[in-house]
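What follows is the residue order along each chain.
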Amino acid sequence: MHEISLVENVIALVEDERRKQPFSRVRMIRLTVGALGHAEPEALRFCFEAVTNGTIADGARLEIETIPGEGWCLLCRQTVPLAERFAACPSCGSAGVRMTAGGDLHVSEMEVE
Amino acid sequence: MCTICGCGTTDIVEEHGVGHPTGAHAGPAQDHDHDHDHGQDHSHTHAHGAHHHEPAERTIDFGKGLAGLHIPGMTQERTIRIERDILSKNDALAEANRTRLIDTGTFALNLVSSPGSGKTSLLVRAITDLKDRWPIAVIEGDQQTSRDADRIRATGVPAVQVNTGKGCHLDAHMVGHALDHLPPLRDGLLFIENVGNLVCPAAFDLGEAHKVVVLSVTEGEDKPLKYPGMFAAADLMLLNKSDLLPHLEFDVAACLAAALRVNPYIQILTVSARTGEGLAAFYAWIEARGSLRPRIEESMVNGLGP
């Protein structure tokens, strides 16, 4: 359940931001999570409230934007959707697809007051 | 206006975020749900719309309801765009570890696997075989106990045990502290044995030169497909316990194919920590990949200094 650590990292980034521009409460945190990345959105949601409890992000709403996986097929020479990290090209069936998108894991924005 | 998400127009009497007063939400913007987790230390039965619980010692205080005190033109609400990688803090610490290791010419390998794949046995064997060639040290990650570090120390090399408590992986911060407790390994070899877990450690860079994933033949040949994140992150896979192959129906070729499907660049060696089979190739990999002195030249190329 490394999502707990990930949420702790999110809180650290929020604290960083607070040092730059003071605010006293976080209303919403939006994360961008790639479908092929290392974090499971449901697990992030599951632990978010518990981990943010008592922190600057206490009570914040969590929004997760999921970025679908994409890869570059070396045979088709085009970008193709990827459902799994190691999926074959949906057009030609070749396994020679290099993942190009969907590994994201970042805090994109937050609403504060 | 709802002070929690901005929807609706009804007055709201409280603003802590355990739940959303439903009375405030009449609009379409209801993609949030009522996240009441009753595992918390307050229990309450209430009708939504008017509840007003004040958790103990809450310091975030906006008076009694921000909406009621809202002054036009002086709204405090704002959106901050951050666009920062969630792992950026870990990655910065990992980079500091990496610089520190490169500066001393230390070649660091992060060993990852599920519990019971034989990482520690493999290390004990490798250290016994290699300790006369290079200075070696080990950082041992486990949730509890110093059993693994004790086994490593018995070989005569320094080891630091990091207990992660409930944590399921090592992170760069822990490794940085562990490095403080080890002597500098000039032109040496550092093994970091991660917590036995085929999922979580994949995401955390520790500052190592390479992740080495250990898979044992008792685990099933489709593991790389089931846990692709780890095999994608690793540069070398050691297929361990090869001495057991005669007793198992383990399809080595299928396993290698699965690993290569997830990571076409991964290198694979079949080894046995028990008999020593294949370990010479592992040591040659360490020497070649490595390291050691070439590492310093590489750091000069990267402008990090000798």
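Residues numbered from 1 in each chain as written. Chains lettered and ligands numbered in written order. Predicted model: local features only at pLDDT ≥ 70, side-chain atom pairs only at ≥ 80, totals over all residues. Heavy atoms only, no water.

Colleague: Help me understand the overall build of chain B, please; the structure alone is not making it clear to me.
Modeller: Looking only at helices and strands, chain B has ten helices and eight strands in total. Considering chain B as a whole, with its 306 residues, one finds that 49% of them fall into the buried category. Carbon together with sulfur atoms contributes 53% to the accessible area of chain B, which is approximately 14,500 Å² in total. (Helix = DSSP H or I, 4+ residues; strand = E, 2+ residues; numbered from the N terminus. Buried < 20%, exposed > 50% of the residue type's maximum accessible area, 1.4 Å probe, protein only. Areas by Shrake-Rupley, 256 points an atom, 1.4 Å probe, with all protein chains shown as cover.)

Colleague: Please clarify how the environment of Pro264(B) should be interpreted in this entry.
Modeller: Residue and element names in this part refer to chain B. Turning to its location among the elements, Pro264 is positioned in the loop between helix H8 (252-262) and strand S8 (267-270). Judged by its relative accessible area of 55%, Pro264 is exposed. Taking the C-alpha atoms as reference points, Pro264 and Asp235, separated by 29 residues in sequence, lie 10.0 Å from one another.

Colleague: Hey, could you run me through the packing of helix H1 (residues 3-20) of chain A against helix H2 (residues 41-52) of chain A in this one?
Modeller: Residues and elements named next belong to chain A. In the contact formed by H1 and H2, the axes pass within 9 Å of each other and the chain directions differ by 55°. One way to sum up the angle between H1 and H2 is to call them oblique. When the axes of H1 and H2 are compared, the crossing they make is right-handed. From H1, Glu3, Ile4, Leu6, Val7, Glu8 and Ile11 reach across to H2, where they touch Ala43, Leu44, Cys47, Phe48, Val51 and Thr52. (Axes fitted to C-alpha atoms, helices over the stretch in contact; angles between N-to-C directions. Parallel < 35°, antiparallel > 145°, perpendicular 65-115°, else oblique. Left-handed = near helix turned anticlockwise from the far one by under 90°. Contact = heavy atoms within 4.5 Å.)

Colleague: Just to check I follow, could you spell out the packing of aromatic side chains for this structure?
Modeller: The description of two aromatic rings rests on the distance between their centres and on the angle between their planes. Residue and element names in this part refer to chain B. Going through the model one piece at a time under the given rule, you end up with one aromatic pair over all chains. Aromatic pair Phe282 and Tyr283: ring centres 6.1 Å apart, planes at 40°, arrangement tilted. We classify Tyr283 as buried; its relative accessible area is 8%. It is Arg133 that lies over the ring of Trp134; its NZ or CZ is 4.8 Å from the centre. (Phe/Tyr/Trp six-rings, centres within 6.5 Å; stacked < 30°, edge-to-face > 60°. Lys NZ or Arg CZ within 6 Å of the ring centre and 35° of its normal.)

Colleague: Would you mind going over the sheet that holds strand S5 (residues 97-101) of chain A with me for this structure?
Modeller: Adjacent strands of a sheet form backbone hydrogen bonds with each other and so pair up, either parallel or antiparallel. Residue and element names in this part refer to chain A. The sheet built from three strands is open, its strands ordered S4-S3-S5 with antiparallel pairing. With partners counted over all chains shown, the strands left at the sheet margins are strand S4 (78-82) and S5, one partner each. Strand-to-strand twist across the sheet, computed as the mean angle between neighbouring axes with direction ignored, equals 40°. One ladder, built from five bridges, connects strand S3 (residues 69-73) with S4; its direction is antiparallel. Each bridged residue has a counterpart across the sheet, and for Cys73 the counterpart in S4 is Gln78. (Pairing = 2+ DSSP bridges.)

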